[in-house]
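Reading the structure
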Amino acid sequence: QMDESTGEIDLMITFGDDGGNVHLYDMEKLNCIAEEHLKGAPSSLPKDACLKTWAAHGRHSWVTKVAWVDDMRVLVSGGSDGQLVLSDVTKGEVRLDGFRHRGEVHDFVWLKKVQLLASCGLERHINMWQIPIKTPVYKLEGHQASVQQLCGAGNQLVSLDTSKVILIWDLRE
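Residues numbered from 1 in each chain as written. Predicted model: local features only at pLDDT ≥ 70, side-chain atom pairs only at ≥ 80, totals over all residues. Heavy atoms only, no water.

**Examining the side chain of H57**
Mapping H57 onto the fold places it in the loop between strand 3 (50–55) and strand 4 (63–69). The class for H57 is buried, based on a relative accessible area of 6%. Of note is the side chain of H57, whose polar atom sits 3.0 Å from the side chain of D81. Apart from the residues lying within four places of it in its own chain, the contact partners of H57 are G19, G20, V63, S77, G78, G79, D81, Q83 and V85. (Helix = DSSP H or I, 4+ residues; strand = E, 2+ residues; numbered from the N terminus. Buried < 20%, exposed > 50% of the residue type's maximum accessible area, 1.4 Å probe, protein only. Polar contact = N/O pair within 3.5 Å; in protein donor to acceptor, adjacent residues only side chain to side chain. Contact = heavy atoms within 4.5 Å.)

**Focus: the sheet that holds strand 12 (residues 147–153)**
By way of backbone hydrogen bonds, the strands of a sheet pair with one another, either parallel or antiparallel. With antiparallel pairing, 3 strands are arranged side by side in an open sheet as 12-13-14. Edge positions in the open sheet fall to strand 12 and strand 14 (166–170), since each of these has one partner strand only. Pairwise comparison of adjacent strand axes, ignoring direction, gives a mean angle of 20° for this sheet. (Pairing = 2+ DSSP bridges. Axes fitted to C-alpha atoms, helices over the stretch in contact; angles between N-to-C directions.)

**Some details on the pattern of salt bridges**
Using the criterion set out here, one finds 5 salt bridges in the structure. Across the salt bridge formed by D88 and R95, the nearest N and O atoms sit 3.6 Å from each other. What makes R95 partly exposed here is its relative accessible area of 44%. Between R172 and D170 there is a salt bridge, with its nearest N and O atoms 2.7 Å apart. (Salt bridge = Lys/Arg side-chain N within 4 Å of Asp/Glu carboxyl O.)

**Some remarks on the sheet that holds strand 4**
On the basis of which strands lie adjacent, the open sheet formed by 4 strands has the order 4-5-6-7 and antiparallel pairing. For this open sheet the edge positions go to strand 4 and strand 7 (93–100), each flanked by a neighbour on one side alone. Between one strand axis and the next, the sheet turns by 20° as a mean value, whatever way the strands run. Sheet topology note: the strand 5 (residues 74–79)/strand 6 (residues 83–88) ladder contains 4 bridges and is antiparallel.

**Observations regarding unusual backbone geometry**
In this structure, P132 follows I131 across a cis peptide bond, with omega equal to 15°. As for its position among the elements, P132 is in the loop between strand 10 (125–129) and strand 11 (138–141). Non-glycine residue R73 carries a positive phi angle of around 55°. Residue position: R73 is located in the loop between strand 4 and strand 5. Of note, K164 is a non-glycine position whose phi angle comes to about 70°, a positive value. Inspection of the secondary structure assignment puts K164 in the loop between strand 13 (156–161) and strand 14.

**Looking at the environment of L75**
As for its position among the elements, L75 is in strand 5. Among all residues touching L75, those that are not within four sequence positions of it are T14, V22, W54, V66, A67, W68, V85, L86, S87 and V89.

**Comments concerning the packing of aromatic side chains**
Going through the model one piece at a time under the given rule, you end up with 2 aromatic pairs. Aromatic side chains F15 and Y25 sit 5.5 Å apart centroid to centroid with 25° between the ring planes, which places their arrangement in the stacked category. Pair noted here: F15 is in strand 1 (residues 12–16) and Y25 is in strand 2 (residues 21–26), with a separation of 10 residues, a long-range link. A relative accessible area of 35% places F15 in the partly exposed class. Aromatic side chains F99 and W129 sit 5.5 Å apart centroid to centroid with 85° between the ring planes, which places their arrangement in the edge-to-face category. You can see F99 sitting in strand 7 and its partner W129 sitting in strand 10, a full 30 residues away along the chain. Taking relative accessible area as the criterion, F99 reaches 0% and is therefore assigned buried. What makes W129 buried here is its relative accessible area of 0%. In this structure, K65 is placed above the aromatic ring of F108, and the distance from its NZ or CZ to the ring centre is 4.8 Å. (Phe/Tyr/Trp six-rings, centres within 6.5 Å; stacked < 30°, edge-to-face > 60°. Lys NZ or Arg CZ within 6 Å of the ring centre and 35° of its normal.)

If you want it as C-alpha cells, here you go:
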C-alpha cells in the first residue's frame, strides 16, 4: 500500500483466523522483531506489529482467503460462512458484504481485464460478481464437483474442481 503523503510503499501482510477476523501487520516491524529474536534479545512480540484487526466474517467462521485488489483499493476475504467481504484496510472495517455462496468460499480471483470478481465454493459453478451488485451477474456452469481453485489471466479463467477436472473459460463477450 502506498502512503499518499510520503509516496513510500508500506509493506503489509494480512491473514484471517478461525474467528472470522482479519489481521493487518506491518512487515517492517515484523522484520525488526524477528531480528531481535534471532539475536536473542527480544524486546517486542509479533503482536506489537499488528496495525488493525477487524471482524469480517461470522465469529465461528474460518477466513479461507484474503487478497488485495488494487483496482478497487479493497481487501477481499472469503470465509466458511459462505460470504465474500470487501474491507477498507485504512479504516480496518468492512466496506461491502453480502456476496453469498450456499456453502463456504474456497477461492476467488479478481479479473482485471473484465472487471469482475470470480468466486467458487461448495457449489459446482463459479459466481461472477460485478461489484457492488450483490447477486452474481453470471454463473459459469460445467463442473460435476465442487470448484476448489481459480486462476485468471487476461480473458481466461481456469478452474479446478475436487475431482481434479480443469476447465478453461473464455471470458470474451
